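These are the residues of each chain, in order.
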Amino acid sequence: MRGLVILLICLLYGFVLFAQDDSTALIARNDSAELLAQKENAAHQAQADSAAHQAQIDYAFKGHDPKKDPNINPFLNRLINPDSNLSINPSMNYNMNPIKENSLNPTQNASINPMINLQMNPQSNDVLNPVIMKSLRPSTETWKGMFLFNDSNQLFGYISVASQNVMLSFDNNGTWNGYYVKAGRMMYNYFTLFGVWTGMFLAYDNQSGYNLFDKNGKWTHIHVK
C-alpha cells in the first residue's frame, strides 16, 4: 500500500512538472509572437513616417528644381550665371564682394560679425537655433525653405530662413552645418557653427536665388533656389 501511495505521488509530481513546462513553453511562444508583431508594427510605422517625410520634402521642393525649370538653372539661364553675367559676379561687382568692400567684411564690420553681434549668432540667440526651434529643421513637416544644388543640379543641402538677417545651412541629410549672416542688400557671409567666417559668401543672382562663392570670390557652381 505504501509503495502504491509513493507511486501515485511520483506520477502526480511528474504531471505537475509537465504541465508547468507546457505552460512555460506556451508563454514563451506568446511572448515571441507579441515581440514579432511589435517589430513588424515598428517597421511599418517607420516606413509610413519615411514616406510622409519624403512627400513633405517633395511638396516643398516644387518650384525649386533646376532640372525641371530651365529658368532657375544657372547652367542654362545665362542671366543668373555669374560667369556669364558679370553684374552678379563679385570679382567685377564690388558691391557684393566682402573681399573688396570692408562694409561687407565681418572682420572689418563688427555689426555683421556674429562673434561680436550676438543677436545674429544662433549659439547665443535661441530664436535662431534649430536645436531649440524645431520648426527651422528641414525634417519638420511644416518646413519651408530653400535648397542648395551642386554643379550637377543635384540636391546638396537645405537653407532655413531664421530671421531677416540670418539663414541656417543644413547638409543633404538635414544636419546643421553652419549659417549665413546678411551683410548687404545682395549677399550673405557664411559662418561655421562656432561663428567663424569661412570666407565664403552667397551673392544674389538678381532673379531666383543665390550663388555661392569661395574666399577668393570664385563661383563654386553651388547655387541656392
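Residues numbered from 1 in each chain as written. Predicted model: local features only at pLDDT ≥ 70, side-chain atom pairs only at ≥ 80, totals over all residues. Heavy atoms only, no water.

**Q** Looking at this structure, I do not really get the sheet that holds strand β1 (residues 146-149). What am I missing?
**A** Strand pairing in a sheet relies on backbone hydrogen bonds, with the paired strands running either antiparallel or parallel. Within the closed barrel, the eight strands sit side by side as β1-β2-β3-β4-β5-β6-β7-β8. Their pairing is antiparallel. Here the strands of the sheet are splayed against their neighbours by 30° on average, with no regard to which way each runs. Bridge count between strand β5 (residues 187-191) and strand β6 (residues 197-204): four bridges; the pairing is antiparallel. Pairing of N189 across the sheet is with F201, part of β6. (Pairing = 2+ DSSP bridges. Helix = DSSP H or I, 4+ residues; strand = E, 2+ residues; numbered from the N terminus. Axes fitted to C-alpha atoms, helices over the stretch in contact; angles between N-to-C directions.)

**Q** What am I meant to see in the pattern of salt bridges here?
**A** Side chains carrying opposite charge are able to pair once their charged atoms draw close together. Within the structure shown, the criterion is met by one salt bridge. Residue K225 is joined to D205 by a salt bridge in which the shortest nitrogen-to-oxygen separation is 3.9 Å. Highlighted residues: K225 in the segment after β8 (219-224) and D205 in the loop between β6 and β7 (210-213), separated in sequence by 20 residues. Here the two residues K225 and D205 agree in accessibility, since each one is buried. (Salt bridge = Lys/Arg side-chain N within 4 Å of Asp/Glu carboxyl O. Buried < 20%, exposed > 50% of the residue type's maximum accessible area, 1.4 Å probe, protein only.)

**Q** It is not clear to me how the nonpolar core should be interpreted in this structure. Could you clarify?
**A** Side chains of nonpolar character tend, in soluble globular proteins, to be buried together. In terms of nonpolar packing, the biggest core is built from 15 residues, with A162, V166, L168, Y179 and V181 touching the most fellow members. Breaking this core down by element, the ones donating at least two residues are β1, β3 (166-171) and β4 (176-184). In this structure, V166 is in contact with M120, L128, S160, V161, Y179, Y180 and V181, ignoring residues within four places of it in sequence. M167, Y180, Y188 and Y210 belong to the second largest nonpolar core, which has twelve residues in total. (Core = buried A, V, L, I, M, F, W, Y, C linked by side-chain atoms within 4.5 Å. Contact = heavy atoms within 4.5 Å.)

**Q** Help me understand the pairing of β8, please; the structure alone is not making it clear to me.
**A** Side-chain direction in a regular strand flips from residue to residue, so the side chains alternate between the two faces of the sheet. Relative to β8, β1 is paired through two bridges, and the arrangement is antiparallel. Across the sheet, the residue bridging to F149 is H223, located in β8. Alignment of β7 against β8, held across three bridges, turns out to be antiparallel. Among the inter-strand pairings, F213 is bridged to a residue of β8, identified as W219.

**Q** Can you help me understand the confidence of the model for the protein in this one?
**A** Caution is warranted with low-pLDDT regions, since their predicted coordinates should not be read in detail. Taken as a whole, the protein shows an average pLDDT of 84; of its residues, 72% reach a score of 70 or greater. Taken together, the stretch residues 15-19 has pLDDT below 50 and engages in zero contacts with residues farther than four places along the chain or on a different chain. (pLDDT = per-residue confidence, 0-100.)

**Q** Help me understand the environment of N121 in this model?
**A** Locating N121 in the fold gives a position in the loop between α1 (2-61) and β1. Under the relative-accessibility criterion, N121 is labelled buried at 5%. Between the C-alpha atoms of N121 and F191, which are 70 residues apart in sequence, the distance is 9.7 Å. If we ignore the near neighbours within four places in the chain, the residues touching N121 are P114, M115, L128 and Y179. A polar contact is formed between the side chain of N121 and the backbone oxygen of P114, at a distance of 3.0 Å. (Polar contact = N/O pair within 3.5 Å; in protein donor to acceptor, adjacent residues only side chain to side chain.)

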